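What the coordinates show
Here are the chains, one letter per residue:
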Amino acid sequence: MTLIQDTTRDELAMFFSREAEIVAQELVGWELYVKGVGGRIVETEAYGHNDAASHSFRGQTPRNKAMFGHAAHVYIYRSYGIHLCLNIVCRTGQAVLLRAIEPLQGIDRMVTRRNTDTRTQLCSGPGKLASALGLDHAMDGSSAYQPPFELRKGIAHDILVGTRIGITKNPDAPWRFGLKGSRYLSRGFSDRNK
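What you see is a predicted model; the values in this text were computed from it and never measured.

Here we look at the packing of helix 3 (residues 107-114) against helix 5 (residues 126-133)
At a closest axis distance of 8 Å, the pairing of helix 3 and helix 5 adopts a crossing angle of 120°. Crossing hand, helix 3 versus helix 5: right-handed. Contacts between helix 3 and helix 5 pair Met-110, Arg-113 and Arg-114 from the former with Lys-128, Ser-131, Ala-132 and Leu-133 from the latter. Along the lines of polarity and charge, the residues of the contact of helix 3 with helix 5 split into 3 nonpolar, 1 polar and 3 charged.

Focus: the confidence of the model for the protein chain
When the pLDDT values of the protein chain are averaged, the result is 88; 91% of them are 70 or greater. Per-element confidence in the protein chain is highest for helix 3, whose mean pLDDT is 98, and lowest for strand 9 (residues 192-193), whose mean pLDDT is 51. Contacts for the low-pLDDT stretch residues 1-6, under 50 throughout, to residues beyond four places or in other chains number 24 contacts.

Considering the packing of aromatic side chains
In total, this model carries 3 aromatic pairs according to the counting rule given. In this arrangement the basic side chain of Arg-18 is found over the ring face of Phe-15, its NZ or CZ atom lying 4.7 Å from the centre. Taking NZ or CZ as reference, Arg-176 lies 3.8 Å from the ring centre of Phe-189, over its face.

Focus: the nonpolar core
Counting 49 residues, the largest nonpolar core has Phe-16, Leu-27, Leu-98 and Leu-133 as its most contacted members. Leaving out residues up to four positions away in the same chain, Phe-16 has contacts with Val-23, Leu-27, Ala-71, Ala-72, Ile-88, Val-89, Cys-90, Arg-91 and Leu-151. Within the second largest apolar cluster, 9 residues are counted, among which are Met-67, Tyr-75, Tyr-77 and Ala-95.

Side note on the pattern of salt bridges
Using the criterion set out here, one finds 9 salt bridges in the structure. For Arg-91, the salt bridge goes to Glu-19, with nearest N and O atoms at 2.6 Å. On the criterion of sequence distance, the pair formed by Arg-91 in the loop between strand 4 (83-89) and strand 5 (95-105) and Glu-19 in the loop between helix 1 (9-16) and helix 2 (20-27) is long-range, its members being 72 residues apart. The partly exposed category is assigned to Glu-19, whose relative accessible area is 34%. Here Arg-40 and Glu-102 are joined by a salt bridge, their closest N and O atoms 3.0 Å apart. Of the two residues, Arg-40 is situated in strand 2 (residues 37-47) and Glu-102 in strand 5; the sequence distance between them amounts to 62 residues. Here Glu-102 falls in the buried class, since its relative accessible area comes to 18%. The network of salt bridges with shared partners includes Glu-31, Arg-40, Glu-102, Glu-150 and Arg-152.

Digging into the pairing of strand 1 (residues 31-34)
Residues Glu-31 and Tyr-33 line one face of strand 1 and the alternating positions Leu-32 and Val-34 line the opposite face, and both faces are buried. Of the pairings in the sheet, the one linking strand 1 to strand 2 comprises 4 bridges and is antiparallel in character. Bridge pairing links Val-34 to Val-37 in strand 2. Counted between consecutive antiparallel strands, the loop separating strand 1 from strand 2 contains 2 residues, among which Lys-35 sits at a positive phi close to 55°. Two strands pair when backbone bridges link them, and strand 1 and strand 6 (residues 149-152) are joined in this way by 4 bridges, in the antiparallel orientation. Across the sheet, residue Glu-31 finds its bridge partner in strand 6, namely Arg-152.

Cut-offs used in this document
Residues numbered from 1 in each chain as written. Predicted model: local features only at pLDDT ≥ 70, side-chain atom pairs only at ≥ 80, totals over all residues. Heavy atoms only, no water. Axes fitted to C-alpha atoms, helices over the stretch in contact; angles between N-to-C directions. Helix = DSSP H or I, 4+ residues; strand = E, 2+ residues; numbered from the N terminus. Left-handed = near helix turned anticlockwise from the far one by under 90°. Contact = heavy atoms within 4.5 Å. Nonpolar A, V, L, I, M, F, W, Y, C, P; charged D, E, K, R; others polar. pLDDT = per-residue confidence, 0-100. Phe/Tyr/Trp six-rings, centres within 6.5 Å; stacked < 30°, edge-to-face > 60°. Lys NZ or Arg CZ within 6 Å of the ring centre and 35° of its normal. Core = buried A, V, L, I, M, F, W, Y, C linked by side-chain atoms within 4.5 Å. Buried < 20%, exposed > 50% of the residue type's maximum accessible area, 1.4 Å probe, protein only. Salt bridge = Lys/Arg side-chain N within 4 Å of Asp/Glu carboxyl O. Pairing = 2+ DSSP bridges.

The structure is reproduced here in structure tokens:
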């Protein structure tokens, strides 16, 4: 991933080389682009190594190999055999799922890929986000320091905190984070605010 301003690869690696729930909170408000298409990250979920809901919980497999690689690498998997989902690896066996972004750039390409021109629906869920950004499974495990990705540091903001969506294991962990006031979330928050 390319960073704006003075952030170095080492600083990026250090940012991601932490507990997923910390990274997930702090990643809200950053911007992500893939080949110039993307926007502001408004919703994330954390998945830890000892978390029963995490793909890494039972150890490394060919599918989750990227989660055991270097921090700031991309982990892409297919959910329910249908939708791709984009994660960024943190500490070994931990990752942050990107659930939603606010579209800012390349919106015409997002509209074509998603077959909708409703901006709030372009990237409001992990599968929608992956489709709108034009991700493919070949990107799984790639270095996050290289194009086609670009990650831009965010600014301070208020964060919403809630439980994760669509899981049956460890469903009460408060590891979903959202940008307060955003219209681009995949679902509202009702649990608590930070």
